[in-house]
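Structural overview for review
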Amino acid sequence: MDIRAIFMGLAFALMWSSAFTSARMIVADAPPLTALSLRFLISGLIGVGIARAMGQSWRLSRGQWRSVAVFGLCQNALYLGLNFVAMQWVEASLAAIIASTMPLLVALLGWLFFGERVRPLGLAGLVAGVAGVAIIMGSRLTGGVSLPGIALCGAGALALAVATLTVRGTSSKGNVLMIVGLQMFVGAGVLAVAAVLTESWQVNWTPRLGLAFAYTTLVPGLIATWVWFRLVDRIGAVRAATYHFLNPFFGVAVASVLLGETLGLADIVGVVIVAAGILAVQLSKRAPAPVVAAAR
């Protein structure tokens with residue numbers, strides 16, 4: 001048993017899930033795209049600076065530059081940008097649940113457009129994931145949740161799924177932190193343009209805003225991404241992605257504790273079903289163990 005990998009997976013899931021709560025705090029007091037662009041700029045400067053101090057190179061391979069461009073645009077600018085905008089109207093717990101469906105979307109898109117084989121366990125997981133989301137949405141829609149906000153969160157999850165399918169298999173080759181930092185710069189640039197065109201500079205300076213911004217910049221923004229790349233290098237993308245099944249649990253738990261967001265019975269049931277679906281999909285991707293003939 002790889003105890004270190006387990007610890008890294010749990011840490012990643014918790015940090016990744018907590019980002020929705022800190023983002024909800026930020027957008028309550030600052031324009032979302034402006035704040036996110038500034039966060040990426042700071043994270044990128046820190047990441048690249050540390051990477052250079054560690055001897056990492058920015059002379060990347062073609063595949064690595066593709067990873068920088070695709071993830072910088074799809075993950076940082078689109079996925080997080082759309083989620084930051086949406087959380088002006090959508091609760092952090094719901095945003096976390098929608099974002100957690102990304103592994104399901106990756107499996108579904110791979111099956112529909114790339115002809116990837118999905119085992120019965122994977123199909124059951126996809127069905128369970130859809131059912132769980134339907135249960136959650138059914139209860140939230142009756143409570144007057146923002147439909148545009150849900151649409152933005154869904155579009156963000158889809159963008160991240162497309163990015164994951166596009167650059168899968170690209171190796172970091174020891175330049176993990178450099179690649180992460182450069183991805184931040186891409187997101188910062190794209191969002192800065194969008195912020196100038198769509199937002200005005202109106203900030204309500206509060207201690208909570210400062211703490212939430214600092215936490216989001218350093219922990220989910222930089223440390224969690226670095227841990228994810230290290231985890232993938234250590235145990236592979238398929239096994240690492242299994243830890244995504246914890247994201248719905250951590251996401252709603254952190255939002256409930258720090259923001260006081262209430263959860264109904266339908267939310268709890270839906271989260272459990274979605275998490276089970278994600279786990280089933282990821283487990284179905286594992287290659288079967290080779291058959292070893294008994295010694296004679």
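Structure first, text after, so check above.
Below you will find a few notes about this structure.

What counts, and at which threshold
- Residues numbered from 1 in each chain as written.
- Predicted model: local features only at pLDDT ≥ 70, side-chain atom pairs only at ≥ 80, totals over all residues.
- Heavy atoms only, no water.
- Helix = DSSP H or I, 4+ residues; strand = E, 2+ residues; numbered from the N terminus.
- Rg over C-alpha atoms; globule rule 2.2 N^0.38 Å.
- Buried < 20%, exposed > 50% of the residue type's maximum accessible area, 1.4 Å probe, protein only.
- Contact = heavy atoms within 4.5 Å.
- Areas by Shrake-Rupley, 256 points an atom, 1.4 Å probe, with all protein chains shown as cover.
- Lys, Arg positive; Asp, Glu negative; His and termini not counted.
- Charge placed at Lys NZ, Arg CZ, Asp CG, Glu CD.
- Core = buried A, V, L, I, M, F, W, Y, C linked by side-chain atoms within 4.5 Å.
- Axes fitted to C-alpha atoms, helices over the stretch in contact; angles between N-to-C directions.
- Parallel < 35°, antiparallel > 145°, perpendicular 65-115°, else oblique.
- Left-handed = near helix turned anticlockwise from the far one by under 90°.
- Nonpolar A, V, L, I, M, F, W, Y, C, P; charged D, E, K, R; others polar.
- Phe/Tyr/Trp six-rings, centres within 6.5 Å; stacked < 30°, edge-to-face > 60°.
- Lys NZ or Arg CZ within 6 Å of the ring centre and 35° of its normal.
- Polar contact = N/O pair within 3.5 Å; in protein donor to acceptor, adjacent residues only side chain to side chain.

Tallying secondary structure elements over the protein gives 12 helices and zero strands in all. Against the 2.2 N^0.38 benchmark of 19 Å for 296 residues, the protein shows a C-alpha radius of gyration of 19 Å, consistent with a compact globule. Across its three principal directions, the C-alpha atoms of the protein cover 75 × 55 × 35 Å. Taking all 296 residues of the protein together, the buried fraction comes to 50%. Residue pairs at least 24 apart in sequence account for 91% of intrachain contacts in the protein once pairs closer than 6 positions are excluded. With the model as given, the accessible surface of the protein reaches about 14000 Å², and the carbon-plus-sulfur share is 70%. Considering the protein, the positive charge centre built from 19 side chains and the negative charge centre built from 8 side chains are found 16 Å apart.

Another aspect to go through is the nonpolar core. Of all hydrophobic cores here, the largest spans 82 residues; its most connected members are F20, I26, F40, Y79, M87, L94 and L231. Counting residues per element, this core draws most heavily on helix α1 (residues 3-27), at 11 residues. Apart from the residues lying within four places of it in its own chain, the contact partners of L94 are I136, M137, R140, V145 and I150.

The angle between the axes and the distance between the axes are what describe a pair of packed helices. Following both chains from N to C, one finds helix α2 (residues 32-53) and helix α8 (residues 176-198) inclined at 155 degrees, their axes separated by 7 Å at the closest point. Judged on the interaxial angle alone, α8 and α2 are roughly antiparallel. The hand of the α2/α8 crossing is left-handed. Classifying every residue of the contact of α2 with α8 gives 18 nonpolar, eight polar and one charged.

Along the chain, Q183 turns up in helix α8. Under the relative-accessibility criterion, Q183 is labelled buried at 1%. Sequence-distant contacts of Q183, that is, excluding residues within four places in its chain, are made with S67, V68, F71, G72, Q75, N76 and F229.

Running from N to C, α8 and helix α9 (residues 207-235) cross one another at 135 degrees; their axes reach a closest spacing of 10 Å. Here α9 runs oblique to α8, going by the angle between their axes. Handedness of the α8/α9 crossing: right-handed. Contact residues: V176, L177, V180, Q183 and M184 in α8; G221, L222, T225, W226, F229, R230 and D233 in α9.

Time to look at the packing of aromatic side chains. Evaluated as defined, the whole model comprises four aromatic pairs. Between W16 and F20, the aromatic rings sit 5.3 Å apart at their centres with planes inclined by 70 degrees, giving edge-to-face as the arrangement. Of this pair, W16 and F20 both sit in helix α1, separated by four residues, roughly a single helical turn. The exposure class of W16 is buried, given its relative accessible area of 14%. Ring geometry for W201 versus W205: centroids 6.5 Å apart, planes at 55 degrees, classification tilted. One exposure class covers both W201 and W205, and it is exposed. A network of ring pairs unites the aromatic residues W16, F20 and Y79 as a single cluster. Positioned over the ring face of W58 is R52, at 4.6 Å from the centre of the ring.

Let us now look at the side chain of S146. Mapped onto the secondary structure, S146 falls in the loop between α6 (120-141) and α7 (147-167). Here G149 takes part through its backbone nitrogen, which lies 3.1 Å from a polar atom of the side chain of S146. Setting aside its immediate chain neighbours within four residues, S146 contacts W89 and V90.

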